[in-house]
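# Structural overview for review
For reference, the chains in residue letters:
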Amino acid sequence: MRKAIAAILAVILMAFSAGCTRRAEPNIQFKVVTSFYPLYIMALNITDGVSGVQVDNMAGQQAGCLHDYQLQSKDMKNIEQANVFVINGAGMENFMGKVTAQLPNLQVVDTSVGVTLLTDDSGTANPHMWVSITNYIHQVDNMEKGLAAADPKNAVLYQKNALEYIAKLSALRGKMHDELSNVKQRDIITFHEAFPYFAEEFGLNIVKVVNREPDSQPSAKELAETIRLVRSTGVKAVFAEPQYPKSAADIVAHESGATVYSLDPSATGENDKNAYLNAMENNLTVLKRALA
(Lines give C-alpha, C1' and ligand atoms only; values in the text may rest on other atoms or scores of the structure.)
Protein backbone atom coordinates (compact mmCIF):
# COMPACT_ATOMS: atom_id res chain seq x y z
CA MET A 1 0.00 0.00 0.00
CA ARG A 2 2.78 2.42 0.94
CA LYS A 3 4.53 1.70 -2.35
CA ALA A 4 1.32 2.39 -4.24
CA ILE A 5 0.76 5.69 -2.41
CA ALA A 6 4.38 6.68 -3.02
CA ALA A 7 3.99 5.91 -6.73
CA ILE A 8 0.82 8.01 -6.94
CA LEU A 9 2.52 10.90 -5.13
CA ALA A 10 5.47 10.66 -7.51
CA VAL A 11 3.17 10.88 -10.54
CA ILE A 12 1.37 13.91 -9.02
CA LEU A 13 4.67 15.64 -8.30
CA MET A 14 5.90 14.97 -11.84
CA ALA A 15 2.69 16.36 -13.34
CA PHE A 16 2.88 19.41 -11.07
CA SER A 17 6.49 19.96 -12.01
CA ALA A 18 5.70 19.66 -15.72
CA GLY A 19 2.87 22.13 -15.32
CA CYS A 20 5.15 24.59 -13.57
CA THR A 21 7.68 24.23 -16.34
CA ARG A 22 5.10 25.07 -19.01
CA ARG A 23 4.03 28.14 -17.09
CA ALA A 24 7.55 29.35 -16.37
CA GLU A 25 8.64 32.62 -17.89
CA PRO A 26 11.11 32.32 -20.77
CA ASN A 27 14.72 33.25 -20.15
CA ILE A 28 14.76 36.77 -21.59
CA GLN A 29 18.29 38.03 -22.14
CA PHE A 30 17.65 40.89 -24.59
CA LYS A 31 14.53 43.06 -24.72
CA VAL A 32 13.54 45.14 -27.73
CA VAL A 33 10.79 47.75 -27.37
CA THR A 34 9.37 49.35 -30.51
CA SER A 35 7.50 52.62 -30.45
CA PHE A 36 4.53 51.54 -32.57
CA TYR A 37 3.09 48.88 -34.85
CA PRO A 38 5.03 49.03 -38.16
CA LEU A 39 8.31 48.78 -36.27
CA TYR A 40 6.93 45.97 -34.15
CA ILE A 41 6.24 43.91 -37.28
CA MET A 42 9.78 44.62 -38.52
CA ALA A 43 11.23 43.50 -35.20
CA LEU A 44 9.18 40.29 -35.17
CA ASN A 45 10.75 39.35 -38.48
CA ILE A 46 14.31 40.33 -37.62
CA THR A 47 14.27 38.54 -34.24
CA ASP A 48 12.26 35.51 -35.41
CA GLY A 49 13.55 32.36 -33.75
CA VAL A 50 16.37 34.12 -31.89
CA SER A 51 16.48 32.56 -28.42
CA GLY A 52 16.28 34.82 -25.38
CA VAL A 53 15.01 37.88 -27.30
CA GLN A 54 11.70 39.52 -26.44
CA VAL A 55 9.90 42.16 -28.54
CA ASP A 56 7.34 44.52 -26.98
CA ASN A 57 5.27 47.17 -28.74
CA MET A 58 5.04 50.28 -26.57
CA ALA A 59 1.93 51.93 -28.02
CA GLY A 60 -0.02 48.73 -28.64
CA GLN A 61 -1.18 47.23 -31.89
CA GLN A 62 -4.25 49.42 -32.36
CA ALA A 63 -2.83 52.84 -31.44
CA GLY A 64 -2.16 53.93 -35.03
CA CYS A 65 0.31 56.68 -35.84
CA LEU A 66 1.83 58.46 -32.85
CA HIS A 67 0.58 61.98 -33.65
CA ASP A 68 0.36 63.74 -30.28
CA TYR A 69 0.79 60.42 -28.42
CA GLN A 70 1.00 60.98 -24.67
CA LEU A 71 3.46 58.75 -22.83
CA GLN A 72 2.00 56.91 -19.87
CA SER A 73 3.87 55.70 -16.81
CA LYS A 74 3.61 52.09 -18.04
CA ASP A 75 5.26 53.16 -21.31
CA MET A 76 8.23 54.66 -19.50
CA LYS A 77 8.58 51.53 -17.35
CA ASN A 78 8.55 49.38 -20.46
CA ILE A 79 11.15 51.53 -22.22
CA GLU A 80 13.30 51.63 -19.08
CA GLN A 81 13.50 47.82 -19.11
CA ALA A 82 14.54 47.72 -22.77
CA ASN A 83 18.00 46.96 -24.02
CA VAL A 84 17.07 48.84 -27.19
CA PHE A 85 14.24 51.24 -28.01
CA VAL A 86 13.44 51.28 -31.74
CA ILE A 87 11.77 54.37 -33.18
CA ASN A 88 10.49 55.47 -36.56
CA GLY A 89 12.12 58.90 -36.31
CA ALA A 90 11.49 61.93 -38.55
CA GLY A 91 9.35 63.48 -35.85
CA MET A 92 6.85 60.65 -35.40
CA GLU A 93 7.82 60.21 -31.74
CA ASN A 94 7.48 63.78 -30.52
CA PHE A 95 7.95 62.56 -26.94
CA MET A 96 11.58 61.50 -27.41
CA GLY A 97 12.92 64.53 -25.58
CA LYS A 98 11.20 63.35 -22.42
CA VAL A 99 12.44 59.78 -22.91
CA THR A 100 16.09 60.69 -23.42
CA ALA A 101 16.00 63.21 -20.56
CA GLN A 102 14.84 60.54 -18.13
CA LEU A 103 16.85 57.67 -19.66
CA PRO A 104 20.10 59.23 -20.95
CA ASN A 105 21.83 55.85 -21.31
CA LEU A 106 19.03 54.24 -23.32
CA GLN A 107 20.15 52.73 -26.63
CA VAL A 108 17.89 54.13 -29.35
CA VAL A 109 17.72 52.84 -32.94
CA ASP A 110 16.32 55.49 -35.29
CA THR A 111 15.14 53.65 -38.41
CA SER A 112 14.71 56.86 -40.44
CA VAL A 113 18.47 57.44 -40.77
CA GLY A 114 19.37 57.79 -44.43
CA VAL A 115 15.78 57.91 -45.70
CA THR A 116 15.06 60.80 -48.07
CA LEU A 117 12.22 62.64 -46.37
CA LEU A 118 9.29 64.37 -48.02
CA THR A 119 8.18 67.69 -46.54
CA ASP A 120 4.97 69.68 -46.59
CA ASP A 121 4.55 73.32 -47.62
CA SER A 122 5.87 74.47 -44.23
CA GLY A 123 9.01 72.35 -44.52
CA THR A 124 7.89 69.82 -41.89
CA ALA A 125 9.03 66.28 -42.59
CA ASN A 126 6.40 63.66 -43.26
CA PRO A 127 7.20 60.71 -40.95
CA HIS A 128 5.04 58.07 -42.73
CA MET A 129 8.01 56.68 -44.64
CA TRP A 130 7.27 52.99 -43.96
CA VAL A 131 4.23 53.09 -46.29
CA SER A 132 6.74 53.02 -49.16
CA ILE A 133 8.10 49.49 -49.46
CA THR A 134 11.48 50.86 -50.53
CA ASN A 135 11.71 52.98 -47.39
CA TYR A 136 10.41 50.10 -45.27
CA ILE A 137 13.27 47.96 -46.57
CA HIS A 138 15.70 50.73 -45.63
CA GLN A 139 14.20 50.82 -42.13
CA VAL A 140 14.52 47.04 -41.81
CA ASP A 141 18.18 47.35 -42.69
CA ASN A 142 18.66 50.13 -40.12
CA MET A 143 16.92 48.10 -37.43
CA GLU A 144 18.97 44.99 -38.17
CA LYS A 145 22.23 46.92 -37.91
CA GLY A 146 21.08 48.60 -34.68
CA LEU A 147 20.09 45.32 -33.04
CA ALA A 148 23.29 43.62 -34.19
CA ALA A 149 25.40 46.39 -32.66
CA ALA A 150 23.53 46.20 -29.36
CA ASP A 151 23.42 42.39 -29.25
CA PRO A 152 26.47 41.20 -31.21
CA LYS A 153 26.20 37.56 -30.17
CA ASN A 154 23.01 37.30 -32.24
CA ALA A 155 24.18 39.55 -35.09
CA VAL A 156 24.42 36.73 -37.64
CA LEU A 157 20.86 35.60 -36.93
CA TYR A 158 19.51 39.15 -37.17
CA GLN A 159 21.22 39.61 -40.51
CA LYS A 160 19.93 36.28 -41.84
CA ASN A 161 16.36 37.09 -40.84
CA ALA A 162 16.55 40.61 -42.22
CA LEU A 163 17.84 39.40 -45.58
CA GLU A 164 15.05 36.84 -45.83
CA TYR A 165 12.43 39.46 -44.98
CA ILE A 166 13.91 41.97 -47.43
CA ALA A 167 13.77 39.33 -50.17
CA LYS A 168 10.01 38.93 -49.58
CA LEU A 169 9.50 42.69 -49.51
CA SER A 170 11.51 43.18 -52.70
CA ALA A 171 9.50 40.51 -54.51
CA LEU A 172 6.23 42.15 -53.47
CA ARG A 173 7.53 45.59 -54.50
CA GLY A 174 8.38 44.24 -57.94
CA LYS A 175 4.97 42.63 -58.28
CA MET A 176 3.22 45.88 -57.31
CA HIS A 177 5.26 47.92 -59.79
CA ASP A 178 4.50 45.45 -62.57
CA GLU A 179 0.77 45.29 -61.92
CA LEU A 180 0.31 49.04 -61.38
CA SER A 181 2.48 50.16 -64.29
CA ASN A 182 -0.38 50.24 -66.77
CA VAL A 183 -3.24 51.69 -64.73
CA LYS A 184 -4.79 54.61 -66.58
CA GLN A 185 -6.10 56.67 -63.66
CA ARG A 186 -3.42 57.88 -61.27
CA ASP A 187 -5.14 60.79 -59.52
CA ILE A 188 -6.38 60.03 -56.01
CA ILE A 189 -7.68 61.87 -52.94
CA THR A 190 -6.75 60.73 -49.43
CA PHE A 191 -7.93 61.67 -45.95
CA HIS A 192 -4.68 61.46 -44.01
CA GLU A 193 -1.12 62.49 -44.81
CA ALA A 194 0.03 58.86 -44.72
CA PHE A 195 0.45 58.11 -48.43
CA PRO A 196 2.86 60.59 -50.11
CA TYR A 197 5.76 58.09 -49.95
CA PHE A 198 3.51 55.31 -51.24
CA ALA A 199 2.23 57.54 -54.05
CA GLU A 200 5.78 58.57 -54.98
CA GLU A 201 6.88 54.95 -55.17
CA PHE A 202 4.07 53.82 -57.45
CA GLY A 203 3.62 56.93 -59.56
CA LEU A 204 0.30 58.06 -58.11
CA ASN A 205 -0.77 61.69 -57.90
CA ILE A 206 -2.40 62.81 -54.66
CA VAL A 207 -4.64 65.62 -55.84
CA LYS A 208 -5.67 66.57 -52.31
CA VAL A 209 -5.30 65.44 -48.71
CA VAL A 210 -8.56 66.48 -47.07
CA ASN A 211 -7.73 66.34 -43.37
CA ARG A 212 -4.04 65.91 -42.69
CA GLU A 213 -4.41 65.00 -39.02
CA PRO A 214 -6.33 61.77 -38.36
CA ASP A 215 -8.00 63.05 -35.19
CA SER A 216 -9.48 66.12 -36.89
CA GLN A 217 -12.51 66.48 -39.13
CA PRO A 218 -12.48 68.61 -42.29
CA SER A 219 -14.59 71.76 -42.17
CA ALA A 220 -17.73 72.18 -44.27
CA LYS A 221 -15.78 74.64 -46.45
CA GLU A 222 -12.96 72.14 -47.04
CA LEU A 223 -15.44 69.38 -47.88
CA ALA A 224 -17.20 71.66 -50.35
CA GLU A 225 -13.88 72.58 -51.98
CA THR A 226 -12.94 68.92 -52.24
CA ILE A 227 -16.27 68.03 -53.83
CA ARG A 228 -15.80 70.79 -56.41
CA LEU A 229 -12.26 69.58 -57.07
CA VAL A 230 -13.38 65.99 -57.61
CA ARG A 231 -16.09 67.12 -60.01
CA SER A 232 -13.74 69.36 -61.98
CA THR A 233 -10.83 66.89 -62.25
CA GLY A 234 -12.80 63.72 -62.74
CA VAL A 235 -11.04 61.93 -59.86
CA LYS A 236 -12.87 58.66 -59.32
CA ALA A 237 -11.00 57.23 -56.34
CA VAL A 238 -11.29 58.58 -52.79
CA PHE A 239 -9.23 56.67 -50.22
CA ALA A 240 -9.96 56.41 -46.52
CA GLU A 241 -8.03 54.28 -44.02
CA PRO A 242 -9.31 51.36 -41.93
CA GLN A 243 -7.82 53.01 -38.82
CA TYR A 244 -10.08 56.09 -38.96
CA PRO A 245 -13.75 56.91 -39.58
CA LYS A 246 -14.55 57.43 -43.26
CA SER A 247 -17.58 59.67 -42.78
CA ALA A 248 -15.95 62.63 -44.56
CA ALA A 249 -14.88 60.41 -47.46
CA ASP A 250 -18.44 59.10 -47.75
CA ILE A 251 -19.77 62.68 -48.00
CA VAL A 252 -17.29 63.57 -50.73
CA ALA A 253 -18.06 60.39 -52.64
CA HIS A 254 -21.83 60.81 -52.37
CA GLU A 255 -21.77 64.42 -53.52
CA SER A 256 -19.19 64.03 -56.28
CA GLY A 257 -19.90 60.62 -57.73
CA ALA A 258 -16.49 59.23 -56.76
CA THR A 259 -16.10 55.88 -55.00
CA VAL A 260 -14.64 55.36 -51.51
CA TYR A 261 -11.93 52.74 -51.18
CA SER A 262 -9.74 51.72 -48.25
CA LEU A 263 -5.95 51.86 -48.29
CA ASP A 264 -4.11 50.45 -45.29
CA PRO A 265 -0.86 52.15 -44.20
CA SER A 266 -0.24 49.22 -41.85
CA ALA A 267 -0.27 51.45 -38.79
CA THR A 268 -2.37 48.94 -36.83
CA GLY A 269 -3.02 45.22 -37.12
CA GLU A 270 -2.59 41.74 -35.80
CA ASN A 271 0.30 40.09 -34.01
CA ASP A 272 1.48 38.53 -37.27
CA LYS A 273 4.93 38.89 -38.76
CA ASN A 274 3.39 38.84 -42.26
CA ALA A 275 0.99 41.70 -41.48
CA TYR A 276 2.82 44.34 -43.54
CA LEU A 277 3.13 42.04 -46.54
CA ASN A 278 -0.55 41.17 -46.28
CA ALA A 279 -1.59 44.83 -46.01
CA MET A 280 0.38 45.76 -49.11
CA GLU A 281 -1.02 42.81 -51.06
CA ASN A 282 -4.51 44.00 -50.15
CA ASN A 283 -3.61 47.57 -51.17
CA LEU A 284 -2.52 46.25 -54.56
CA THR A 285 -5.89 44.54 -55.05
CA VAL A 286 -7.75 47.71 -54.05
CA LEU A 287 -5.69 49.96 -56.32
CA LYS A 288 -6.10 47.70 -59.35
CA ARG A 289 -9.86 47.82 -58.88
CA ALA A 290 -10.02 51.55 -58.09
CA LEU A 291 -7.72 52.78 -60.85
CA ALA A 292 -8.75 50.44 -63.65
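Residues numbered from 1 in each chain as written. Predicted model: local features only at pLDDT ≥ 70, side-chain atom pairs only at ≥ 80, totals over all residues. Heavy atoms only, no water.

Here we come to the overall build of the protein. For the protein, the helix and strand inventory stands at ten helices and eight strands. By the burial criterion, 49% of the 292 residues in the protein qualify as buried. Counting only contacts in the protein whose residues sit at least 6 apart along the sequence, the fraction spanning at least 24 positions is 65%. Accessible area for the protein stands at about 14,600 Å²; split by element, carbon and sulfur atoms hold 52% of it. (Helix = DSSP H or I, 4+ residues; strand = E, 2+ residues; numbered from the N terminus. Buried < 20%, exposed > 50% of the residue type's maximum accessible area, 1.4 Å probe, protein only. Contact = heavy atoms within 4.5 Å. Areas by Shrake-Rupley, 256 points an atom, 1.4 Å probe, with all protein chains shown as cover.)

Let us look at the environment of R186. Inspection of the secondary structure assignment puts R186 in the loop between α6 (155-180) and β5 (187-190). Remark: the alpha-carbon pair of R186 and I206, spanning 20 residues in sequence, is separated by 8.3 Å. Beyond its immediate sequence surroundings of up to four residues, R186 is in contact with L180, S181, F202, G203, L204 and N205. Within polar-contact distance, the side chain of R186 engages the backbone oxygen of S181 at 3.1 Å. (Polar contact = N/O pair within 3.5 Å; in protein donor to acceptor, adjacent residues only side chain to side chain.)

Moving on: the pattern of salt bridges. Counting across every chain of the model gives seven salt bridges. Where K74 meets D75, a salt bridge forms, and the shortest distance between an N and an O atom there is 3.4 Å. Residue classification places K74 among the partly exposed residues on the basis of a relative accessible area of 48%. In this structure, K160 and E164 form a salt bridge, with 3.0 Å as the shortest nitrogen-oxygen distance. With K160 and E164 both in helix α6 and four residues apart, this pair spans about one turn of that helix. (Salt bridge = Lys/Arg side-chain N within 4 Å of Asp/Glu carboxyl O.)

Attention now moves to the sheet that holds strand β1 (residues 30-34). Taken together, the four strands give an open sheet; going across it, the order is β2-β1-β3-β4, and neighbouring strands pair in parallel fashion. Where the open sheet ends on each side, the last strands, each with one partner, are β2 (53-57) and β4 (108-110). Between one strand axis and the next, the sheet turns by 20° as a mean value, whatever way the strands run. Of the pairings in the sheet, the one linking strand β3 (residues 84-87) to β4 comprises three bridges and is parallel in character. Residue pairing across strands places V86 opposite V109, the latter belonging to β4. (Pairing = 2+ DSSP bridges. Axes fitted to C-alpha atoms, helices over the stretch in contact; angles between N-to-C directions.)

The next subject is helix α9 (residues 247-256). Among all positions in α9, only A248, A249, V252, A253 and S256 are buried. Axial view of α9: buried residues confined to an arc of 135°, hence all on one face. Where α9 is buried, its residues meet α8 (220-233), β7 (237-240) and β8 (259-262). G257 sits one or two residues past α9 and shows a positive phi near 90°. (Arc of directions from axis to C-beta.)

Bringing helix α5 (residues 133-150) into the picture now. Spacing of three or four residues puts side chains on the same side of an α-helix, whose turn is 3.6 residues. In a regular helix each residue adds 1.5 Å, so 18 residues correspond to 26 Å; α5 covers 26 Å between its end C-alpha atoms and thus fits that length. Across the 18 residues that make up α5, a large majority, 13, are buried. (Expected span 1.5 Å × (residues − 1).)

This paragraph deals with the pairing of β1. Working note: regular strand, side chains alternate between the two faces of the sheet. The buried fraction of β1 is high, at five of five residues. Burial along β1 is two-sided: the residues F30, V32 and T34 and K31 and V33 are all buried. When β1 meets β2, the two strands line up parallel, connected through five bridges. Paired with F30 across the strands is V53, a residue of β2. A crossover connection joins β1 to the parallel β2 through helix α2 (residues 37-46); in handedness this β-α-β unit is right-handed. For β1 and β3, the ladder comprises three bridges, and the chain directions are parallel. Along β3, the bridge assignment pairs T34 with V86. (Right-handed = clockwise from strand over helix to strand, strands pointing away.)

With that settled, consider the packing of aromatic side chains. Counted according to the given criterion, the structure contains seven aromatic pairs. Summarising the aromatic geometry, the rings of F36 and W130 are spaced 5.2 Å apart at their centres and angled 85° between planes, so their arrangement reads as edge-to-face. Of this pair, F36 sits in the loop between β1 and α2 while W130 sits in the loop between β4 and α5, and the two are 94 residues apart along the sequence. For the residue pair F36 and W130, the accessibility class agrees, reading buried in each case. (Phe/Tyr/Trp six-rings, centres within 6.5 Å; stacked < 30°, edge-to-face > 60°.)

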